[in-house]
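Structural overview
Chain by chain, the residues run as shown.
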Amino acid sequence: MGKLVVPEVAGAEFTAPVVVTQTSEPPIVTGTIDLVIGSVTVRLDAATPAARVAELVIALRVCA
């Protein structure tokens, strides 16, 4: 394996890297998505997966 080579710079000091792990909380999603096609309105939770929204749009377009 290769080695990291840092050029010598007068007066520069280097320290060892530090790894910090952070816990990632899933975002809190609020609100709704309204699909309106013709006289049909479907209200979905904003956390509805995009794939499901796409499936519903296709289904509603077929029915319209």
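Use the structure listed above.
As the structure is a computational prediction, the values presented were derived from the model and not from experiment. (Residues numbered from 1 in each chain as written. Predicted model: local features only at pLDDT ≥ 70, side-chain atom pairs only at ≥ 80, totals over all residues. Heavy atoms only, no water.)

1. Re the overall build of the protein
Summing up its helical and strand segments, the protein has one helix and two strands in all. When the helices and strands of the protein are read in sequence order from the N terminus, they spell out β-β-α. In summary, the protein has a C-alpha radius of gyration of 26 Å against a globular reference of 11 Å for 64 residues, an excess of more than 25%. Expressed as lengths along the three principal axes of its C-alpha atoms, the size of the protein is roughly 75 × 25 × 20 Å. Taken across its 64 residues, the protein has 9% of its residues classed as buried. Long-range contacts, defined here as pairs at least 24 residues apart, represent 9% of the contacts in the protein between residues at least 6 apart. The centroid of the 4 positive side-chain charges in the protein is displaced by 15 Å from the centroid of its 6 negative side-chain charges. (Helix = DSSP H or I, 4+ residues; strand = E, 2+ residues; numbered from the N terminus. Rg over C-alpha atoms; globule rule 2.2 N^0.38 Å. Buried < 20%, exposed > 50% of the residue type's maximum accessible area, 1.4 Å probe, protein only. Contact = heavy atoms within 4.5 Å. Lys, Arg positive; Asp, Glu negative; His and termini not counted. Charge placed at Lys NZ, Arg CZ, Asp CG, Glu CD.)

2. Overview of the nonpolar core
With five residues, the main nonpolar core is built from Leu-35, Leu-44, Val-53, Leu-56 and Leu-60. For this core, the element with the highest residue contribution is helix H1 (residues 50-63), accounting for three residues. Residues within four places of Leu-60 in sequence aside, it is in contact with Leu-35, Ile-37, Val-40 and Val-42. (Core = buried A, V, L, I, M, F, W, Y, C linked by side-chain atoms within 4.5 Å.)

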